[in-house]
Every structure is written in C-alpha cells, then in structure tokens.
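Coordinate inspection notes
As a plain string of letters, each chain reads:
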Amino acid sequence: SRRRQILLDLDGSPEPWQAPPFPAGVGTERSLGTGREARAVRIKFLGCGDAFGSGGRLNTCFHVHAGAQQFLIDCGATAMPAIKAAGIDRNAIALILLTHFHADHCGGIPPFILDAQFFAKRATPLTIAAPKGLQEWLGRAMETAFPGSSGTRQKFALELIELAPGERRTCS
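Basis of the calculations
- Residues numbered from 1 in each chain as written.
- Predicted model: local features only at pLDDT ≥ 70, side-chain atom pairs only at ≥ 80, totals over all residues.
- Heavy atoms only, no water.
- Helix = DSSP H or I, 4+ residues; strand = E, 2+ residues; numbered from the N terminus.
- Buried < 20%, exposed > 50% of the residue type's maximum accessible area, 1.4 Å probe, protein only.
- Contact = heavy atoms within 4.5 Å.
- Pairing = 2+ DSSP bridges.
- Right-handed = clockwise from strand over helix to strand, strands pointing away.
- Salt bridge = Lys/Arg side-chain N within 4 Å of Asp/Glu carboxyl O.

Before going further, it helps to spend a moment on the overall build of the protein chain. Within the protein chain one finds four helices and seven strands. Along the protein chain, helices (α) and strands (β) appear in the sequence β-β-β-β-α-β-α-α-β-α-β when read from the amino end. The buried share among the 172 residues of the protein chain stands at 39%. Of the contacts formed within the protein chain by residues at least 6 apart in sequence, a portion of 54% connects residues at least 24 apart.

What follows is the structure in structure tokens.
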C-alpha cells in the first residue's frame, strides 16, 4: 500500500492508539496517537508537489484530523480533486491555514468556496487564516478564477483571519 503510518506514543502508554485508515485514494497518512482518540492527530498528505506537478505529485494540501476537529494546511490548485478522491467530508473542514499566496498553496480556495456554496451545501462556518493581505487576495483570486463570484454571498459564515509574522491566534 502507498499509505504508511507512523505511530507516536505521546503519553507513555504501552500500546499506542492505532488510527483507522483514511479511505482509499490519493495521499499518504501519518498517524500520531496516544491511546485516546480525542488526543490523536492524523495527517493526510493530499499533495506535496511543486507548482508544476513534478513527478506527478499534486499541489500542497495537508488534511489534519485532530479529535473532532478537521482542517487543511494549504489548499493548492489541485486540492479539490484530491479531497474528493480521498473521500474527505468537505463540510467537516472548519479551518484552512494558508502559508503564503502562491497558487500551488492557495489556488484551491476559490473552487473550495464555490463547492461549499453550490455542491456541498455547507451550512457550518469556515475560517481561513493566512498572512496579511488575505481579504484583498481572496477578492482578486475569486474574480480571476470565476468572474462575478466575489459578489456571491455565501450561505455559510466565512471568517478571514490575517496574521502578522510570528503572531499566534487560537481558531475554534
């Protein structure tokens, strides 16, 4: 199998918790467990390639499942097909963290937002946290990808959090 698991015993218990595998599909799964599901962290690498798909890899997108929380670290242009192929519930993703504004790290945001609106029928809030300039970037990105889409009002709450270098913030 292409999937590999790494288990880490964080609390000294003799038998680390074995996370159930993600559905078959793209990506590599890493499991960090402690014997208690509420403290387990699973990371699925949906894409870790460069902007040009070298070696056939998809753009950067990591799916993190920690207890009841799910979020993405980056959402590259190829994220939506990867998320769907992995069988991940898009509506369960509450937060997207963007490291920077290159398409291979954030180009999947416009399709993610429109999919949430029109196909996944999202009703729960979505938070996007990114470096300063997020609000301006998002408007430009939406209009570039799908003209007229920046004026479409979402049927779910969309919170944008702009972070300065080194700033720490708790997102719920």
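Quick look at the pairing of strand β7 (residues 158-163) now. Pairing between strand β6 (residues 126-131) and β7: six bridges, direction parallel. Residue pairing in the sheet places I128 in a bridge with L160 of β7. Note that the unit made of β6, helix α4 (residues 134-145) and β7 has a crossover that is right-handed.

Attention now moves to unusual backbone geometry. Residues other than glycine seldom take positive phi values, yet D74 does so here, at roughly 65°. Mapped onto the secondary structure, D74 falls in the loop between β4 (69-73) and α1 (79-85). Of note in this structure, K121 is not a glycine but carries a positive phi near 55°.

Glancing now at the pattern of salt bridges. For the coordinates displayed, the defined rule picks out four salt bridges. Across the salt bridge formed by E136 and R140, the nearest N and O atoms sit 3.0 Å from each other. In this pair, E136 and R140 both sit in helix α4, four residues apart, roughly one turn of the helix. For E167, the salt bridge is made with R169, and the minimal N-O distance between the two is 3.4 Å. You can call E167 partly exposed: its relative accessible area is 31%. A single salt-bridge network, built from bridges that share partners, covers K84, R90 and D115.

This is a description of form; function is not addressed.
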